[in-house]
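A look at the structure
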Amino acid sequence: MKKELSPKQREELLRALKSRFEKNINRHKGLEWTKVQTKLEANTEKLWSLNEMERTGGEPDVVEFDKRTGEYIFYDCSAESPKGRRSVCYDRQALESRKEHKPKNNAIDMAAAIGVELLSEEQYRELQKLGDFDTKTSSWIITRADIRKLGGALFCDRRYDTVFAYHNGADSYYAARGFRGSLRV
């Protein structure tokens with residue numbers, strides 16, 4: 001699959017990202033859009049990944065600049081878990097272990113296909129400092145290998161003005177559970 005946008009797609013995406021950047025300045029105080037755009041235009045594959053985040057309902061936005069690496073960090077900032085990435089179990093092993101009523105996909109493979117990583121619990125909690133996210137949905141997060149080996153997986157949400165981290169069987173899936181991605185550019 002070709003991971004490149006047409007000039008029209010690129011223009012539309014950059015316009016959407018700029019608009020979101022300007023409307024949500026609290027997420028990235030001190031950062032300048034022109035520098036972000038320059039970095040994006042030099043990384044066409046990352047731009048493709050951002051477009052996939054956008055296409056699946058993630059509403060990606062810049063949340064941090066890593067001074068050590070010189071990278072901008074984008075997270076899915078949609079109010080609820082991205083609509084185009086819900087009703088998925090945690091990973092391929094969980095998907096294959098289901099005998100019936102299998103979901104169409106899994107979070108880990110979908111994230112890899114669009115070139116992003118699931119948020120860690122720490123990243124999820126940092127995102128929640130920028131607004132109220134997942135008040136009606138939940139999102140799978142990166143799960144430690146020892147938990148996963150025992151058949152579990154972790155997810156988070158926000159209820160009662162508090163961020164919760166929970167566990168579930170990795171093979172479970174719900175209409176209101178998806179995943180949020182992180183992308184470094």
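Basis of the calculations
- Along every chain, residues carry numbers that run from 1 in the direction the sequence is written.
- Side-chain atom pairs in this predicted model are given and counted only at pLDDT of 80 or more, local residue features only at pLDDT of at least 70, and totals for whole chains, interfaces and linings cover all residues.
- To obtain the side-chain values, all non-hydrogen atoms of the structure were used and water was disregarded.
- Pairing of aromatic rings covers Phe, Tyr and Trp, the last through its six-membered ring, and needs centres within 6.5 Å; plane angles under 30 degrees mean stacked, over 60 mean edge-to-face, and all others mean tilted.
- Secondary structure elements are defined from DSSP: runs of H or I of at least 4 residues count as helices, runs of E of at least 2 residues count as strands, and each element is numbered from the N terminus.
- When a residue's accessible area, from a 1.4 Å probe over protein chains only, is under 20% of the maximum for its type it is buried; when over 50% it is exposed; and in between it is partly exposed.
- Lysine and arginine charges are scored as sitting over a ring when NZ or CZ, respectively, is within 6 Å of the ring centre and within 35 degrees of the ring normal.
- Here, a strand pair is defined by DSSP locating no fewer than two bridges between the strands.
- Any helix carries an expected span of 1.5 Å times its number of residues minus one.
- To be clear, the arc concerns the directions from the helix axis to the C-beta atoms.
- We call two residues contacting when some pair of their heavy atoms lies within 4.5 Å.

Under the counting rule described, the total for this entry stands at six aromatic pairs. Arranged with centres 5.4 Å apart and planes meeting at 55°, the rings of Phe21 and Trp33 form a pair that is tilted. With Phe21 in helix α1 (residues 7-23) and Trp33 in helix α2 (residues 33-41), the pair connects residues that are twelve residues apart, well separated along the chain. When the ring of Phe155 is compared with that of Tyr166, the centres are 5.0 Å apart and the planes differ by 20°; the resulting orientation is stacked. Of the two residues, Phe155 sits in strand β5 (residues 152-159) while Tyr166 sits in strand β6 (residues 162-169), which places them eleven residues apart along the sequence. By relative accessible area, which is 8% here, Phe155 ends up buried. One aromatic cluster is present, formed by Tyr90, Trp140, Phe155, Phe164 and Tyr166 through successive ring pairs. The ring of Phe179 has Arg85 sitting right over it, with the charged end atom 5.1 Å from the ring centre.

In this section: the sheet that holds strand β8 (residues 181-184). The strands that make up a sheet pair up through hydrogen bonds in the backbone, lying either parallel or antiparallel. Judged by pairing direction, the sheet is antiparallel, and its four strands sit side by side in the order β1-β2-β8-β3 without closing on themselves. Where the open sheet ends on each side, the last strands, each with one partner, are β1 (60-66) and β3 (117-118).

Our focus in this paragraph is the pairing of strand β2 (residues 71-76). Within β2, five of the six residues are buried, which leaves it mostly tucked inside the rest of the structure. By the bridge criterion, six bridges tie β1 to β2 in an arrangement that is antiparallel. By the bridge assignment, Val62 is partnered in β2 with Phe74. The turn linking β1 back onto β2 is made up of four residues, and Gly70 within it adopts a positive phi angle of 75°. Strand direction decides the pairing type here: β2 and β8, joined by three bridges, are antiparallel. The partner of Phe74 across the bridge, within β8, is Leu183.

Moving on, we get to unusual backbone geometry. Of note in the backbone geometry, Ser87 takes a positive phi value of approximately 60° without being a glycine. Secondary-structure assignment places Ser87 in the loop between β2 and α4 (92-97). Relative accessible area serves as the criterion here: at 28%, Ser87 is assigned to the partly exposed category.

End to end, α1 covers 24 Å across 17 residues, agreeing with the expected 24 Å (1.5 Å per residue, within 8%). Taken together, the buried positions of α1 are Leu13, Leu14, Leu17, Arg20 and Phe21. In a view along the axis of α1, the buried residues occupy a sector of 130°, so they form one face of it. Every exposed residue of α1 that faces more than 90 degrees away from the buried side is listed here: Pro7, Lys8, Glu11 and Lys23. Buried positions along α1 lie against α2, α3 (44-55) and β1.

Honestly, that's just the spatial picture; any functional story needs more than this.
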